[in-house]
Amino acid sequence: MRALELGTVVMRRVNFAEIHERRWFPQKLRDDVTDMLQFIFNAARLYRPIAARLGAAIRAAASDHVLDLCSGAGGPWIWLQRMLAEQKGSPTKIVLTDRYPNLAAFRRTSEASRQRIGYCAEPVDAQTVPAGLPGFRTIFSSIHHFTPDEVTAILRDAVDRGEGIGLFEAAQRRPRTIVCAFFFMPMATICLAPFMRPFRFARLFWTYLLPVIPFVMLFDGVLSCLRAYSSTELRRLAARVGADHYTWDAGEARAVTYLVGYAPLRPSPE
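Keep in mind the model is a prediction, meaning the values are calculated, not measured.

Asks: Any chance you could explain the nonpolar core here in plain terms?
Replies: One finds Tyr47, Ile50, Leu54, Trp77, Phe136, Phe140 and Phe168 to be the most contacted residues of the largest nonpolar core, which totals 47 residues. Among the secondary structure elements, those contributing two or more residues to this core are α1 (27–44), α2 (51–60), α3 (77–88), β4 (93–96), β6 (136–140), α6 (175–192), α8 (212–227) and β9 (256–262). Formed by 29 residues, the second largest nonpolar core is a distinct cluster that contains Val129, Phe146, Ile165 and Val241.

Asks: Explanation requested: the sheet that holds strand β7 (residues 165–169) in the structure shown.
Replies: Within a beta sheet, neighbouring strands are joined by backbone hydrogen bonds and run either parallel or antiparallel to one another. In spatial order, the strands read β5-β4-β3-β6-β7-β9-β8; together these seven strands make up an open sheet with mixed pairing. Lying at the two open borders of the sheet, with one neighbouring strand each, are β5 (117–119) and β8 (247–253). Strand-to-strand twist across the sheet, computed as the mean angle between neighbouring axes with direction ignored, equals 20°. As paired elements, β7 and β9 share five bridges and run antiparallel to each other. Directly across from Leu167, in β9, lies its bridge partner Leu259. Each of β4 and β5 touches helix α4 (residues 103–112); the most contacted strand, β5, lies at about 155° to it. Helix-sheet contacts for helix α5 (residues 148–160) involve β6, β7, β8 and β9, and the interaxial angle to β7 is about 150°.

Asks: Teacher, can you tell me more about α2 here?
Replies: Count 3.6 residues to each turn of an α-helix, and residues three or four apart come out pointing the same way. When you tally the buried positions in α2, you get seven out of 10 residues, the bulk of the element. What α2 keeps buried is the set Ala51, Leu54, Gly55, Ala56, Ala57, Ile58 and Ala60. Residues of α2 that are buried in the fold lie against β3 (65–69), α3, β6, β7 and β9. Just downstream of α2, Ala62 is the residue with a positive phi angle, here 55°.

What counts as what
- Residues numbered from 1 in each chain as written.
- Predicted model: local features only at pLDDT ≥ 70, side-chain atom pairs only at ≥ 80, totals over all residues.
- Heavy atoms only, no water.
- Core = buried A, V, L, I, M, F, W, Y, C linked by side-chain atoms within 4.5 Å.
- Buried < 20%, exposed > 50% of the residue type's maximum accessible area, 1.4 Å probe, protein only.
- Helix = DSSP H or I, 4+ residues; strand = E, 2+ residues; numbered from the N terminus.
- Pairing = 2+ DSSP bridges.
- Axes fitted to C-alpha atoms, helices over the stretch in contact; angles between N-to-C directions.
- Contact = heavy atoms within 4.5 Å.

As structure tokens, this is what we get:
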């Protein structure tokens, strides 16, 4: 469970906390980091390969709402919401949540979606979601932040509430992904910072004069890869929950590792 074999290379999963998720890390800088992550992921459309699979699971679970956990700066929902709406023929309501809500980014995302994407202003723990927040649950680029026991608790909480859940991760414990994160994340930050909106001089200061943001993007990007779960590991964690009435599907779609689970109310998606 703790090691992933890659040919003759065995890489062990680590549990070290990333810089931007530590309590002492300033909220303003945390927001800058999550804003940059969203900007990069949206520009690259990293989660496009799983859009059809997610839409099929939401339809199979007969859910009209999506509750996004660990949303950061809004995740991929600006464009992914439109793709899901096209698949279903009607808009899907999205609600963003986070343990450390980036409210400014949440508001921008909501406005850009014409309020089809809402948000919760209060902190939300993915392991114990409040009863007043229903919907098919999703977690993008964040499940590696949790220990195996915590991932199991996240899955169990969804099952106990009868909600479907989808975990999607671009980080992988593979040498090429780690090398890519080491070079790409800080360089992308340096190149893209002036083009982010809304424009903020403070972002340029922490990118160029005192390059805290590029360093955090490098350090946390590499650590994210070292903390990532394989699809086999996610499937084993789902098995711990013991939800025999749930359909579980784990695998990889191009560069995205995923686990999807739901209690089917309609025929299972292909």
